[in-house]
Amino acid sequence: MLGREAGTLGNVKGTNYIAAEAAKLGLRPAGDSGTFFQTVPLVLHRPDPASKLIANGTPLILGRDYVVLPSFGGLFGASFEASGTPVIYAGRLGDSAENLSPDLTAGKIVVFDAPLGPDGRPSGQLRGRAALARYSNAAAIAIAVLDYLPPAMGRRLSQPQTEVAGTDAPAASRPLGLLITRRAATQMLGAPFNSLQAGSLGQTISASVRMLDTPTLAPARNVVAIYPGSDPAVAGEYVAIGAHNDHLGIDDHASDHDSARAALIERWRMRGLDPEGPMPTPAQIAAMHIDVDSLHHIHQARRDSIFNGADDDGSGSVSALEIAQQFVRAPDHPRRSILFVWHTGEEKGLLGSQYFTDHPTVSRDSIVAQLNMDMVGRGDSADIKGGGPRYLELVGSRRLSTELGDLVEAVNKTEPMPFVFDYQFDANGHPENIYCRSDHYEYARYGIPIVFFTTGLHEDYHQITDEPQYIDYDHMARVDRLVYDIALKLADLDHRVVVDKPTPDPHGQCRQ
Ligand SMILES: [Zn+2]
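Small disclaimer: the values here were computed from a predicted structure and weren't measured.

## Some thoughts on the state of the cysteines
Next up, step 1: Tallied over the entire structure, the rule returns one disulfide.
Next up, step 2: Across the disulfide from C436 sits C510; the S-S distance is 2.0 Å. Between C436 and C510, the S-S torsion sits near -75°, and that sign places the bridge as left-handed. Separated by 74 residues along the polypeptide, C436 in the loop between β20 (420-422) and α11 (440-444) and C510 in the segment after α12 (473-492) bring together distant segments of the chain.
Next up, step 3: The exposure class assigned to C436 is buried, which follows from its relative accessible area of 14%.

Here you go:
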């Protein structure tokens, strides 16, 4: 299925499969107009190739002299029209000593020198968000990062961004964000940085730079299905079970599976099985190459470019189907209904779950809790620190409802082989930010209590080597059984699980 990227044919095939299985099980379709599908209107957001940017008569070239930055959550806008518009130099990005007064920058093109990294050298990392927000009345903000744009960087930043149609509308009044070369900066300012002070005026600019939105090649779809509850008094309430049906698609180059896998295992081991662990040194990387020859003696290179995403999130998607099957054939009929949602566009920034929770196909208030599974097929001792047959990471289970967190613990104790829950990734401010990184958060932002289940990150995460032969099916089946038992318990409670914690602003920034 070609890596199931949202908005491509592979994702259509993947979602057709899920819907066909749901139909076979006799689940009730709960998408658009009586189908299992809710179409999410995704668009590709990219710079218009006809864009023009002319500094004092000299045309600058899109992709060579400048690229358009993504919106960064509404910080930057989507278009920039200028004619005789002045340029102003604002000093080094992130240096608050050089802050200009916003009335000096209103309607102008604000040019920054590159921010400095922790090593004191100019950095390609975009820091200084606060400084950028300060100049929200500018016509455009241009950041000079490098002497030239490496072709790969130009290509990557010129790649279309996938977004939900219409979500960028409020950004119309925002300044357009540009990344420019130092040469382009000199042309725009009329002089090199070292001869200028913050506040110096440069050349005038004529420009017409626009982002274009075009629909994705194929539709992107959430799959939505219901197993109806048995008690008419509460069958209109839902326990939601979710996973994501998309993954990363196809890589832009092919690699040998065995070499890649050997190197990934080695690198992961060197990092102490820890996503925050230190990166291997160049000497360690060189040492890995010794293995490649021996691998090539065993068999020829098996080149692959498809991100199969067996664990991410093939595991959660098929787990939700297995749980649905268990509801259908088990003798106990839950009082509340069970809502299954296989979200699209998770890998593009939780787009399918954002759309579903903004436009739910059942009333939003009727969803009593959401149980999200993303990457539930690994978690052994070579994958993650503390891993093993009883390993399971939980995130968010007490963030809105203490009762939900307690219920999960209580149900786990009744399992034939209870898990030992790893809550470390649920800590406030944890650098991996897992609470904000999968579909459950889109429910939590509306005050719906959630539990996120995962067997955690591992060496094959977001690599072409995330393949089914590395899934631990027994472990995964026990996760599925636990999620089933929790869902059944929630569905049968004599009350809605109680929300006793403050609920976030649905349109604010997620904070773990
Ligand atoms: Zn995922």
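Now that the structure has been shown, the text picks up again.
## Brief notes about the nonpolar core
Next up, step 1: Counting 51 residues, the largest nonpolar core has I241, F327, F340, L371, F453 and L490 as its most contacted members.
Next up, step 2: At 10 residues, α12 tops the list of elements feeding residues into this core.
Next up, step 3: Discounting residues that sit within four places of it in the chain, F327 has contacts with Y227, I241, P334, I338, F340, Y484, A487 and L488.
Next up, step 4: Core analysis: the next-biggest nonpolar cluster, separate from the first, contains 28 residues, V111, L176, I180 and V209 among them.

## Section: the coordination of the zinc ion
Next up, step 1: Donor atoms from the polypeptide that bind the zinc ion are H244 (NE2), D312 (OD), D374 (OD) and D374 (OD), placed at 1.9 to 2.5 Å.
Next up, step 2: Every donor counted, the four donor atoms about the zinc ion form angles of 53 to 144° at the centre, which fits irregular coordination.
Next up, step 3: Sequence positions of the residues that donate to the zinc ion give the spacing H-x67-D-x61-D. Here H244 is found in strand β14 (residues 238-244), whereas its partner D312 is found in helix α8 (residues 310-329), with 68 residues between them in sequence. Residue H244 shares its accessibility class with D312, and that shared class is buried.

## As for unusual backbone geometry
Next up, step 1: Looking along the chain, the bond that leaves D312 and enters D313 is cis, with omega of -5°.
Next up, step 2: The topology assignment puts D313 in helix α8.
Next up, step 3: Notably, L2 is not glycine yet its phi reads approximately 55°, a positive angle.
Next up, step 4: You will see that H462, though not glycine, has its phi angle at about 55°, which is positive.
Next up, step 5: The residue H462 is located in the loop between β21 (450-454) and α12 in this model.

## Examining the packing of helix α10 (residues 402-413) against α12
Next up, step 1: Running from N to C, α10 and α12 point in directions that differ by 125°, and their axes come no closer than 10 Å. In terms of orientation, α10 lies oblique with respect to α12. Note on packing geometry: the crossing formed by α10 with α12 is right-handed. The residues of α12 that touch α10, namely those facing L404, L407, V408, V411 and N412, are L482, D485, I486, K489 and L490.
Next up, step 2: Residue composition of the contact of α10 with α12, grouped by class: seven nonpolar, one polar and two charged.

## Observations regarding the pairing of strand β18 (residues 367-373)
Next up, step 1: Counting buried positions over the seven residues of β18 gives seven, a clear majority of the element.
Next up, step 2: Here five bridges tie β14 to β18, and the two strands are oriented parallel to one another. Among the inter-strand pairings, V239 is bridged to a residue of β18, identified as A369.
Next up, step 3: Sheet topology places β18 next to β21; four bridges connect them, and they run parallel. Its bridge partner lying in β21, N372 is registered against F452.

## Section: the pairing of β21
Next up, step 1: Burial of β21 is extensive: five of the five residues sit out of reach of the surface.
Next up, step 2: The alternating pattern of β21 places I450, F452 and T454 on one face and V451 and F453 on the opposite face, and all of these are buried.
Next up, step 3: Relative to β21, strand β19 (residues 391-395) runs antiparallel, the two sharing three bridges. By the bridge assignment for β21, E393 is matched with T454.

## Looking at the environment of L146
Next up, step 1: The topology assignment puts L146 in strand β9 (residues 140-146).
Next up, step 2: Under the relative-accessibility criterion, L146 is labelled partly exposed at 32%.
Next up, step 3: Along the primary structure L146 and L179 are separated by 33 residues, whereas in three dimensions their C-alpha atoms are 9.1 Å apart.
Next up, step 4: Apart from the residues lying within four places of it in its own chain, the contact partners of L146 are M153, I180, T181 and R182.

## Thoughts on the environment of G77
Next up, step 1: Within the secondary structure, G77 sits in the loop between β6 (66-68) and β7 (79-92).
Next up, step 2: Residues G77 and S173, 96 residues apart in the sequence, show an inter-C-alpha distance of 6.6 Å.

## Points about the pattern of salt bridges
Next up, step 1: Tallying each qualifying case throughout the model produces 24 salt bridges.
Next up, step 2: The shortest N-O distance in the salt bridge between D460 and R378 comes to 3.0 Å. Residue D460 is located in the loop between β21 and α12, and its partner R378 is located in the loop between β18 and β19; the two are separated by 82 residues in the primary sequence.
Next up, step 3: Looking at R378, the relative accessible area reads 2%, which means it is buried.
Next up, step 4: Where salt bridges share partners, they join R261, R378, D383, E459 and D460 into one cluster.

Cut-offs applied
Residues numbered from 1 in each chain as written. Predicted model: local features only at pLDDT ≥ 70, side-chain atom pairs only at ≥ 80, totals over all residues. Heavy atoms only, no water. Disulfide = S-S within 2.5 Å. Helix = DSSP H or I, 4+ residues; strand = E, 2+ residues; numbered from the N terminus. Buried < 20%, exposed > 50% of the residue type's maximum accessible area, 1.4 Å probe, protein only. Core = buried A, V, L, I, M, F, W, Y, C linked by side-chain atoms within 4.5 Å. Contact = heavy atoms within 4.5 Å. Donors = N, O, S within 2.8 Å, 3.2 Å for Na, K, Ca; no water. Tetrahedral: all angles 85-135°; square planar, octahedral: opposite > 155°, others 65-115°. Axes fitted to C-alpha atoms, helices over the stretch in contact; angles between N-to-C directions. Parallel < 35°, antiparallel > 145°, perpendicular 65-115°, else oblique. Left-handed = near helix turned anticlockwise from the far one by under 90°. Nonpolar A, V, L, I, M, F, W, Y, C, P; charged D, E, K, R; others polar. Pairing = 2+ DSSP bridges. Salt bridge = Lys/Arg side-chain N within 4 Å of Asp/Glu carboxyl O.

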